[in-house]
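Here are the chains, one letter per residue:
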Amino acid sequence: MPDTIDYGKKMHHAMRGLISGVLQDVADHGLPGEHHFFITFDTQHPDVEMADWLFDRYPEEMTIVIQHWYDALFVGEDGFQITLNFGDNPEPLRIPFDALRTFVDPSVEFGLRFESHEGELHEVVELPEFEDTPDEPEKASEPEAVEDGAPEKKADVVSLDSFRKT
């Protein structure tokens, strides 16, 4: 048994459990109200599965938007699978929870930021603000990079950096 409690690891586990539960609710009942998600993940993670052309376009990280059009959302113990529309091309993705970097629901100004897999500490930064999104369905959704959003709403970010031993 270790000499200390690894609160950072326990907090990451709890946050991934929260995301898993939210995604399972969406898989079971759909997105309620104005809720939608921006999920950024590490495309280099060995368990990420995505089309080669998407990987070529996003070789390090990718932000997906779960809002108007998505299909086949399945949540498992270690990650989730979803089919999203990229320029009228439905593409399946498999994203392990360990690959997540950020999870944001701008409709309620909620956001989580995860530390890197190597245990490095990230600089504490606020997530960019997002535009309100239109209510009409999108014909084709292109992956949106978080940096491209225009300021309008702030997301609260939970960072574990302040709890880490240095």
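See above for the structure.
About the criteria used
- Residues numbered from 1 in each chain as written.
- Predicted model: local features only at pLDDT ≥ 70, side-chain atom pairs only at ≥ 80, totals over all residues.
- Heavy atoms only, no water.
- Helix = DSSP H or I, 4+ residues; strand = E, 2+ residues; numbered from the N terminus.
- Buried < 20%, exposed > 50% of the residue type's maximum accessible area, 1.4 Å probe, protein only.
- Contact = heavy atoms within 4.5 Å.
- Areas by Shrake-Rupley, 256 points an atom, 1.4 Å probe, with all protein chains shown as cover.
- Phe/Tyr/Trp six-rings, centres within 6.5 Å; stacked < 30°, edge-to-face > 60°.
- Core = buried A, V, L, I, M, F, W, Y, C linked by side-chain atoms within 4.5 Å.
- Salt bridge = Lys/Arg side-chain N within 4 Å of Asp/Glu carboxyl O.
- Polar contact = N/O pair within 3.5 Å; in protein donor to acceptor, adjacent residues only side chain to side chain.
- Patch = residues over 30% accessible without salt bridge, like charges linked within 9 Å, V, L, I, M, F, W, Y side chains within 5 Å.
- Lys, Arg positive; Asp, Glu negative; His and termini not counted.
- Charge placed at Lys NZ, Arg CZ, Asp CG, Glu CD.
- Pairing = 2+ DSSP bridges.

Student: What should I look at first to understand the overall build of the protein in this one?
Tutor: Within the protein one finds 2 helices and 8 strands. The buried share among the 166 residues of the protein stands at 39%. Partitioning the intrachain contacts of the protein with sequence separation of at least 6 by distance along the chain shows that 61% fall at a separation of at least 24. Here the protein has roughly 9900 Å² of accessible surface; of this, 49% comes from carbon and sulfur atoms.

Student: Would you explain the packing of aromatic side chains in this entry?
Tutor: Overall, the coordinates contain 3 aromatic pairs when judged by the stated rule. On the numbers, 5.0 Å between centres and 35 degrees between planes, the contact of Phe 37 with Phe 103 is tilted. In this pair, Phe 37 sits in strand β1 (residues 37–42) while Phe 103 sits in strand β6 (residues 100–105), placing the two residues 66 residues apart along the sequence. A single burial state applies to Phe 37 and to Phe 103, both of which are buried. A centroid spacing of 6.2 Å and a plane angle of 85 degrees characterise the contact between Trp 53 and Phe 86, whose relative ring orientation is edge-to-face.

Student: Help me out: how do you make sense of the nonpolar core in this one?
Tutor: Nonpolar side chains tend toward joint burial in soluble globular proteins. The biggest cluster of nonpolar side chains holds 30 residues, and the ones touching the most others in it are Phe 41, Ile 64, Phe 80, Leu 93 and Leu 100. Listed by contribution, the elements that provide at least two residues to this core are α1 (7–29), β1, β2 (61–66), β3 (70–75), β4 (79–85), β5 (90–96) and β6. Broken down by element, this core gets its largest block of residues, 4 residues, from α1. If sequence neighbours within four positions are ignored, Leu 100 has contacts with Ile 19, Ile 39, Thr 40, Phe 41, Phe 80, Ile 95 and Phe 114.

Student: Sorry if this is basic, but what is going on with the pattern of salt bridges here?
Tutor: When charged atoms on two side chains of opposite charge get close, those side chains can pair. Summed over all chains, the structure comprises 3 salt bridges. One salt bridge in this structure joins Asp 98 and Arg 16, with 3.7 Å as the shortest N-O distance. Placement of the pair is Asp 98 in the loop between β5 and β6 and Arg 16 in helix α1, with a sequence separation of 82 residues. Classification of Asp 98 as partly exposed rests on a relative accessible area of 42%.

Student: Mind showing me how you'd approach the side chain of Arg 16 here?
Tutor: You can call Arg 16 buried: its relative accessible area is 13%. Of the polar contacts made by the side chain of Arg 16, one reaches the backbone oxygen of Phe 97; its length is 2.9 Å. Ignoring any residue separated from it by four or fewer positions in sequence, one finds Arg 16 in contact with Phe 97, Asp 98 and Phe 114.

Student: So what exactly am I meant to see when it comes to a negative patch on the surface here?
Tutor: On the surface, Asp 47, Glu 49, Glu 77 and Asp 78 cluster together to form a negatively charged patch. Here Asp 78 shows up in the loop between β3 and β4.

Student: Would you mind going over the pairing of β2 with me for this structure?
Tutor: The side chains of a regular strand alternate between the sheet's two faces. The element β2 is largely enclosed, with a buried count of 5 among its 6 residues. Relative to β2, β1 runs antiparallel, the two sharing 6 bridges. In the strand pairing of β2, Phe 37 is matched with Ile 66.

Student: How should I be thinking about the pairing of β6 in this particular structure?
Tutor: Most of β6 is tucked away: 5 of the 6 residues are buried. Two strands pair when backbone bridges link them, and β6 and strand β7 (residues 110–113) are joined in this way by 4 bridges, in the antiparallel orientation. Across the sheet, the residue bridging to Val 104 is Gly 111, located in β7. Hairpin geometry of β6 and β7 is characterised by an intervening segment of 4 residues between the two adjacent antiparallel strands and by a positive phi of about 55 degrees at Glu 109.

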